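Structural overview for review
Spelled out from the first residue to the last, the chains are:
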Amino acid sequence: LINVEYIVNNKSDKPYYGYMYGKLKQTERQNNDNFLMMSARSYVGGAMYTPEKHYKKISFSDIKSDKKFNQQIFGGWIAMVEHYFLSAWVPSISDEIFYCSEKYNDYLYGLTFICKKPLIVEPGETKSIKSDLFAGPQIADELKNISDGLKLTIDYGILWPIAQPIFWLLKKSYHFFENWGFAIIITTLIIKLLFYQLSASSYKSMGKMKRLQPRINLIKENCGEDKTKFSKAIMDLYKHEKVNPLGGCLSVLIQIPVFISLYYVLLESVELRQAKFIFWINDLSSNDPYYVLPIFMGLSMYVQQKLSPVPIDQMQAKVMSIMPFLFSFLCFQFPSGLVLYWFINNVLSIFQQMFIVKNS
């Protein structure tokens, strides 16, 4: 955080009038990364604070299309955001500020603030005017002390109310080993424990379905191509055995927002940048150079599939069978921290499913 101060010593015989202003310029860079990383690409662009919305994105595409933004408020801030880093002007909260966006050419854009109240320096006087400029990593504990809403530039998306407590848990886990890789493992374990009962209902339902698989195959063989007869026979079987094929769906749906939030926490946390784990993994924000974690993650998905009921539809079964290989391929370019989380989550799910099904 840079405390910018302009000191004006008026040695003339006329009053001096000046306005505090600041600009942020950024070039729109072309994304040359692998297309596999498109889903894991962070927001790069402008942002600002408004009383209605404490974190408002001002994308380069909006500025490019001449949707110029301007607003007049007290205090606030403007920022240029990129993955892990941030630059921001933070004027005084007591000053009325005019904010606007600017387009300089097809690839260069900017945000500007101007203080509406002038600095008036009479002849022979010396006065100063101040504003804060932040340039550095997006560390939440530091950003929240600078200005309201500035920590929201660590963009967790619409699930930020869930993501922020998860990041708090990740930080607390880090203090045990002072290793972010082990912090990811501990956090994943705690979340699995919190959802243990919900997962149990899902796995029990899957266990019952798997035990019915031979009978389902026999019914399919007897019904042949008569899909109506097959569907009725299957529903009668479920009713007789008191099995709800959708019994585990609710528990899975409840957990999805939490796991998506954890995904974004691991993607956006600058703490993982250049953070070592073990052995060859020296940067949890970069992909595994030897692709060991993606391969292990794919194997864990394969084991999970073997523990789950086989889809009745043959085409669906074939699609599901290639998913472990597809996800391994997709994870080749994903950050090691993300792949580590998926792998640990899969391993914990496998042991949890085996234990629950065995004792149900």
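Further up the page is the structure itself.
Note that this is a predicted model, so its numbers are computed, not measured. (Residues numbered from 1 in each chain as written. Predicted model: local features only at pLDDT ≥ 70, side-chain atom pairs only at ≥ 80, totals over all residues. Heavy atoms only, no water.)

With respect to the packing of helix H3 (residues 160-177) against helix H4 (residues 180-194)
Contact pair H3 / H4: the axes reach a minimum separation of 8 Å and the direction vectors enclose 125°. Of the possible angle classes, the one that applies to H3 and H4 is oblique. In terms of crossing hand, the pair formed by H3 and H4 is right-handed. Contacts between H3 and H4 involve Leu 169, Leu 170, Lys 171, Ser 173, Tyr 174, Phe 176 and Phe 177 from the former and Trp 180, Phe 182, Ala 183, Ile 184, Ile 186, Thr 187, Ile 190 and Ile 191 from the latter. A class-by-class count of the residues in the contact of H3 with H4 yields 12 nonpolar, two polar and one charged. (Axes fitted to C-alpha atoms, helices over the stretch in contact; angles between N-to-C directions. Helix = DSSP H or I, 4+ residues; strand = E, 2+ residues; numbered from the N terminus. Parallel < 35°, antiparallel > 145°, perpendicular 65-115°, else oblique. Left-handed = near helix turned anticlockwise from the far one by under 90°. Contact = heavy atoms within 4.5 Å. Nonpolar A, V, L, I, M, F, W, Y, C, P; charged D, E, K, R; others polar.)

A word on the packing of aromatic side chains
Summed over all chains, the structure comprises 15 aromatic pairs. Residues Phe 177 and Phe 182 carry aromatic rings whose centres are separated by 5.4 Å and whose planes lie at 40° to one another, so their mutual orientation is tilted. For Phe 177, a relative accessible area of 52% gives the class exposed. Ring plane angle 35° and centroid distance 6.4 Å describe the contact between Tyr 341 and Trp 342, whose orientation is recorded as tilted. (Phe/Tyr/Trp six-rings, centres within 6.5 Å; stacked < 30°, edge-to-face > 60°. Buried < 20%, exposed > 50% of the residue type's maximum accessible area, 1.4 Å probe, protein only.)

Observations regarding the pattern of salt bridges
Throughout the structure, instances matching the rule amount to six salt bridges. The salt bridge involving Glu 28 is made with Lys 64; its shortest N-O contact spans 3.3 Å. One end of the pair, Glu 28, is in the loop between strand S3 (21-27) and strand S4 (45-48); the other, Lys 64, is in helix H1 (residues 60-64), with 36 residues separating them in the sequence. With relative accessibility at 36%, the residue Lys 64 sits in the partly exposed group. Here Lys 57 and Asp 155 are joined by a salt bridge, their closest N and O atoms 2.7 Å apart. Highlighted residues: Lys 57 in strand S5 (residues 56-58) and Asp 155 in the loop between helix H2 (140-146) and H3, separated in sequence by 98 residues. On the basis of relative accessibility, which here comes to 38%, the residue Lys 57 falls in the partly exposed class. Salt bridges linked by common partners bring Asp 141, Lys 144 and Lys 171 together as one network. (Salt bridge = Lys/Arg side-chain N within 4 Å of Asp/Glu carboxyl O.)

Here's the deal with the sheet that holds S4
Across the sheet, six strands lie side by side as S1-S12-S8-S7-S4-S5; this open sheet has antiparallel pairing. Since the sheet does not close on itself, it has two edges, and those belong to strand S1 (2-9) and S5, each with one partner. On average, each strand axis in the sheet is inclined to that of its neighbour by 25°, with strand direction left out of account. In terms of strand pairing, strand S8 (residues 85-90) meets strand S12 (residues 126-137) through six bridges, oriented antiparallel. Opposite Val 90, over in S12, you have Asp 132 as the bridge partner. (Pairing = 2+ DSSP bridges.)

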